[in-house]
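Each chain, letter by letter, is given below.
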Amino acid sequence: RVIGFALRFPASMGAPAFANGGLQVRPMFLKASSPALPSSLGTPPPPGSRGAAAEAATASGSPLGVGSFLAAASATTVCLRARRRRNGKVGKMARGQAPCRTRCLAAPDTQRFREILKLTHLGGGAGDKALSVNLDDKFYGSFAEIGAGQEVSRTFLKAGAAAGTVARSISAYDMRMSDVSYGQAKRYVTSERVQQMLTTEFDEVEKCLREVRGPECRFFAFACTLAARAYKSNRECEGWIGVTYQAEAGQPRSTITLHVRMRDPTAQQQGEAIGVLGTNLIYLVHNTSDPYIITSYLLDGLEQNVDSNSGRLEIDSIDFSGPAFPEGSWDPRLMAMRMVQLRIANGVLLEPDAVSQKYRMAVPNNLLYKRPLVVERSRFTPVTCMHEEVMGACSRTLEQEADESTKRPLEILNMQIDDIIQPTESEGADQRLTTLKRVATSELKQDGMLDLAEMKHMFKDKLIEEEIDALFKGLDPQSVGSVSIDALFSLTQDGVLAEEFLDRFTMLEPLKYTVLLSSISQTHDLASYLQRYTNQKIVVAVGGGGFSIGRALFNPDSYKNGSAGGMLEGLGRLFSQGGTRVFTYPNITPEGQILPASIPDGDAQPLYEYLVRTGAIVPISSSYLSPEARNWKTNLQFRLGSTEVRELIAQGSAEWEMYMPPTVATIAKSQGWFGRLRNGETFTANVWQFLAGL
C-alpha cells in the first residue's frame, strides 16, 4: 500500500528543510495507489476526519511544524485504517471476510472511553448528579411522574440550586385529571401514554419560557407512568420512563423511552430505585448523547448482582429517536447484547420489523401477552436445518391441541450468549470505571491505543500471557501493533465481544424468528421469565440429531449453581402449575432412520417416565415431522446439529453447507465467525469472562 500526502512548500524556502517549524504542510487530500484501498480514499476526507490540527491548518493556511504534521498524519492513518476495515470489499481480512463495523474515530477527543471519563459523577450518589445538573441554568425543564411517588423531581429539589433546572413538578394520579392534562388514553401504563406526557410537558415549557430563558437554553421534559406495588395487589410492577430534550441549543427535540420492571418488595423501595434511575437518565442526557454510554450507566448506583434473578430494576426495552440519534448511531441488536452483558436486563426480545426488515426491541408485556409460545434454546453456533425442523414440528403439535379461539403460537429462538458474557464480579459501574481509569492513565502515548507490552503489564493479574497474546491478536487483525481502548472495553462494534455476537445474530436473521437474547442458563428460569407475560401454554422445544434429554434436563450436575434443591427443585419450577411443557423431537441417525428420543437411564428414568405419563414431557409423533424429515431419502440435512457442523467447519470440510439453510450458509461464509472457527482462533472461557467484566 502506498499512501501519498499532498505537500505545499513556500517558494522562498528552496529545498525543504525537515526541521520543526521549517516545513509548511497542508494535508489537503490523500491519494491511494493500491488495489487493497478503495478509490474513494483519493478524495478529500470529510471535515473532522484528519484531526484538529490538520483541519485548522487547511482552513487557515497556517504552517504546521513537523510535530503537528506527524500528529495529523497519525490521526489520518487511524481514520484511513478504520475506513479500510469498515469496507468489506477491500482486501482479504486476516480473520475471515467480516467487515469492520466501527465508525472512524479521527481525533482522541471523539473516543468513547474519554467521553465516559468526563462523566465525573458516575459511581457517585444521585444527589451529586442532580446538583451538577442544577448548577447549569441553561438546561431547564419539567417533571411529570405518575406512580411510585415523585422521587426523581424530589432528588433534584433536595440537591440544592433546583431553581436552575426545575420549571415545574406535577403528578396527575387521578385518571380524569391525567386525561385533562394529557388527553384520553385506553390504558395508562403504556408507551403511548408516556409519549403524550413528554410531548405535552415539553410543549408547555417551550411555549411559556422560551422568550424568558432565551435561545441558548436547552429545554427538557421528564415523564414516567408506573404501576408500583399496590395495597393488597399482586400485579406486575412495571412502567414507562422517558425524557425529551434538546441535545444542543436550538436543536429539535430528541427522545429516549424505556420500559422498566421494579423488583423491590415495597412501593417505597420501588420509588427510591426509580428516583435513582430517573436522575441517572437526566444526568446522562445533560452530558452526552451517546446511546451506548447512556444505556450502560442507567443503573449506576443501584445494586445489580451477578445472579440473573436479582437486581432492583430491570430495563428490558429502550428506544432512541430524534436528531441526537441519527439513523445508524445505534444498533438495537448490539444494544440488547450490552443490556444483557451488564445485567441491565435478564433478557431482551428482538423482532423483525415488517417494513425495514431490521430487528428492533420489543416489550415482553406487549408481544407475549396471552400468546402460546414455542421456545427453542441454543447458542446457534451455527443455526442448522434441524433448528427449523424442531421448531416447526413442535408448533404443529401444539396447534393441534388448540381450539379456534386460541392465537397461533409465537415461535421464539432463545439465543444464549452466556459463553461470551459469563457472570463476573466486576460488573458494577464503579468497578468498570475504576478499571477504565487505570487503563486510560497507564497508556504511554495518550492516543487511545495500547500495544502488547502495555496490555501484558496492565492485565497480567487477570490473564495468562498466552491469553493476552490471543486477545491482542483478536483486537488487532491487521497486525498494526496496537489496539484501541474502545474496542477492548466493547465500546465500539469492532470489539471482539460485539463482533462475535453480531456474527452469530446475523446468521439468525434470514429465518425471521423472534429472538430472545439472554444469559439465562437454566431452563426453569426461562420458564419463570416467560410465565410473567403470558397465561397460555409454553413449550420448550428440544431434540433432533443426537440430542440427549438426559444430559440436558436430568443431569444433577447442571443444577448445582442454579437451584438450592438441585434437580428436583429445578424440574418442579419448570413444570409448576402445568403452564410449561417440554416437547422432544425424535432422533435421526446418521443413516436417516427415525428413532424415539433417547431417555435417561439410572435413577432418573422413573422420574422421566412419570413426567411423560403426566404430560409434562411430550415425545413428538412422527406424523408432525415435515415430509422431508420423515423420509430417509430426503432427510440428510436434518442428521447433524450445531456441534457436528462446527466440527466440519473446523476440519475444513465442505459438507457443512448441506446442514444449514441456504441463506444462512451464504451469510455464514461471509462472517468473521466462520474464519475464526476454521482457523482455530478461539478464546478461553477466562478471556470471555474478562472481557465481559470490562
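All figures in this text were calculated on a predicted structure; none of them were measured in a lab.

Quick look at the overall build of the protein
- The helix and strand tally for the protein stands at 26 helices and 20 strands.
- Counted over contacts in the protein with a minimum sequence separation of 6, partners at least 24 positions apart contribute 71%.
- Split by element, the accessible area of the protein, about 29800 Å² in all, is 52% carbon and sulfur.

What to know about the pairing of strand 17 (residues 580–585)
- In terms of burial, strand 17 is largely enclosed, as six of its six residues are buried.
- Burial along strand 17 is two-sided: T580, V582 and T584 facing one way and R581, F583 and Y585 facing the other are all buried.
- By the bridge criterion, six bridges tie strand 16 (residues 538–543) to strand 17 in an arrangement that is parallel. When the bridges of strand 17 are listed, V539 appears paired with R581.

Side note on the sheet that holds strand 3 (residues 139–146)
- Strands sit in the order 4-3-5-6-7-8 across an open sheet of six strands; the sheet is mixed. Looking at strand neighbours, the two that pair on one side only are strand 4 (166–170) and strand 8 (313–321), the edges of this open sheet. When the angles between neighbouring strand axes are averaged without regard to direction, this sheet yields 10°.
- Looking at chain direction, strand 3 and strand 4 are connected through four bridges and run parallel.

With respect to the pattern of salt bridges
- Taken as a whole and judged by the stated rule, the model has 35 salt bridges.
- For D290, the salt bridge is made with R112, and the minimal N-O distance between the two is 2.6 Å. Here D290 is found in the loop between helix 8 (267–287) and helix 9 (291–296), whereas its partner R112 is found in helix 3 (residues 112–117), with 178 residues between them in sequence.
- The class for R112 is buried, based on a relative accessible area of 11%.
- With a closest N to O distance of 3.3 Å, D557 and K560 form a salt bridge.
- A relative accessible area of 60% means that K560 is categorised as exposed.

Let's talk about the packing of aromatic side chains
- Within the structure shown, the criterion is met by 13 aromatic pairs.
- When the centroid spacing of 5.6 Å and the interplanar angle of 90° are considered together, the rings of F143 and F220 count as edge-to-face. Of the two residues, F143 sits in strand 3 while F220 sits in strand 5 (residues 218–227), which places them 77 residues apart along the sequence.
- Judged by its relative accessible area of 0%, F143 is buried.
- The side chain of R213 reaches across the aromatic face of Y140, ending 3.7 Å from its centre.
- The ring of Y297 has R432 lying over it, and the distance from NZ or CZ to the ring centre is 4.9 Å.

A closer look at the confidence of the model for the protein
- Summary statistics for the protein give a mean pLDDT of 82 and a share of 82% for residues scoring 70 or more.
- Overall, residues 8–109 carries pLDDT values under 50, and its contacts beyond four positions in sequence, including any with other chains, amount to 167 contacts.

Description of the side chain of S153
- Assignment of secondary structure puts S153 in helix 5 (residues 151–159).
- A polar contact of 2.8 Å, which involves the side chain of S153, links it to the side chain of E145.
- Other than its neighbours up to four places away in sequence, S153 contacts F143, E145 and S169.

Description of the packing of helix 4 (residues 126–134) against helix 5
- Where helix 4 meets helix 5, the axes come as close as 8 Å, and the angle between the chain directions of the two elements is 70°. With respect to their mutual orientation, helix 4 and helix 5 come out roughly perpendicular. For the pair helix 4 and helix 5, contact is made by A126, G127, A130, L131, V133 and N134 and by T155, F156 and A159, respectively.
- Partitioning the contact of helix 4 with helix 5 into residue classes produces six nonpolar, three polar and no charged.

Topic: unusual backbone geometry
- Residue P382 is reached from T381 by a cis peptide bond, and omega for that bond is 5°.
- Here P382 lies in the loop between strand 11 (373–378) and helix 12 (385–399).
- The phi dihedral of A148 falls on the positive side, at around 60°, and the residue is not glycine.
- Looking at the element boundaries, A148 is found in the loop between strand 3 and helix 5.
- For A148, a relative accessible area of 13% corresponds to the buried category.

Comments concerning the environment of L452
- Here L452 lies in helix 14 (residues 452–459).
- According to the relative accessible area criterion, L452 is partly exposed, its value standing at 27%.
- As a C-alpha pair, L452 and L471 span 19 residues in sequence and 9.8 Å in three-dimensional space.
- Sequence-distant contacts of L452, that is, excluding residues within four places in its chain, are made with I468, D469, F472 and G481.

Let's talk about the environment of A223
- Looking at the element boundaries, A223 is found in strand 5.
- Of the residues examined, A223 reaches a relative accessible area of 0% and is grouped as buried.
- Distance from A223 to E145, taken between C-alpha atoms, is 5.5 Å for residues 78 residues apart in sequence.
- Discounting residues that sit within four places of it in the chain, A223 has contacts with A144, V194, M197, L198, W240, I241 and G242.

With respect to the packing of helix 18 (residues 523–531) against helix 20 (residues 566–574)
- Closest axis-to-axis distance for the helix 18/helix 20 pair is 8 Å, and the angle between their directions is 25°. Compared by their axis directions, helix 18 and helix 20 come out roughly parallel. Like other packed secondary-structure pairs, helix 18 and helix 20 cross with a definite hand, here left-handed. Two secondary-structure elements touch here, helix 18 through T523, H524, D525, A527, S528 and Q531 and helix 20 through G570, R573 and L574.
- Of the residues that constitute the contact of helix 18 with helix 20, the class distribution is two nonpolar, five polar and two charged.

Focus on the pairing of strand 8
- Counting buried residues along strand 8, seven of its nine residues qualify, which places the element largely inside the surrounding structure.
- Both strand 7 (residues 254–262) and strand 8 contribute to a ladder of eight bridges, which runs antiparallel. Across the sheet, the residue bridging to M262 is L313, located in strand 8.

Overview of the sheet that holds strand 16
- The strand order across the open sheet formed by eight strands is 10-9-15-12-11-16-17-20, and the pairing between neighbours is mixed. Each of the sheet's edge strands pairs with one partner strand only, and the pair in question is strand 10 (359–362) and strand 20 (617–619). Pairwise comparison of adjacent strand axes, ignoring direction, gives a mean angle of 30° for this sheet.
- Taken together, the six bridges between strand 11 and strand 12 (residues 410–416) define a ladder with parallel strand orientation. Bridge assignment links V374 to a residue of strand 12, and that residue is E411.

Structural notes on the side chain of T295
- Residue placement: T295 occurs in helix 9.
- A polar side-chain atom of T295 sits 2.9 Å from the main-chain carbonyl oxygen of P291.
- Contact partners of T295, with chain neighbours within four places excluded, come to I318, F320, M335, M339 and I344.

Quick look at helix 5
- Looking at helix 5, one finds that the buried residues are E151, V152, S153, T155 and F156.
- Looking at the packing, one finds that the buried side of helix 5 touches helix 4, strand 3, strand 4, strand 5 and helix 8.
- The positive-phi residue at the C-terminal boundary of helix 5 is G160, with phi of around 105°.

About the criteria used
Residues numbered from 1 in each chain as written. Predicted model: local features only at pLDDT ≥ 70, side-chain atom pairs only at ≥ 80, totals over all residues. Heavy atoms only, no water. Helix = DSSP H or I, 4+ residues; strand = E, 2+ residues; numbered from the N terminus. Contact = heavy atoms within 4.5 Å. Areas by Shrake-Rupley, 256 points an atom, 1.4 Å probe, with all protein chains shown as cover. Buried < 20%, exposed > 50% of the residue type's maximum accessible area, 1.4 Å probe, protein only. Pairing = 2+ DSSP bridges. Axes fitted to C-alpha atoms, helices over the stretch in contact; angles between N-to-C directions. Salt bridge = Lys/Arg side-chain N within 4 Å of Asp/Glu carboxyl O. Phe/Tyr/Trp six-rings, centres within 6.5 Å; stacked < 30°, edge-to-face > 60°. Lys NZ or Arg CZ within 6 Å of the ring centre and 35° of its normal. pLDDT = per-residue confidence, 0-100. Polar contact = N/O pair within 3.5 Å; in protein donor to acceptor, adjacent residues only side chain to side chain. Parallel < 35°, antiparallel > 145°, perpendicular 65-115°, else oblique. Nonpolar A, V, L, I, M, F, W, Y, C, P; charged D, E, K, R; others polar. Left-handed = near helix turned anticlockwise from the far one by under 90°.

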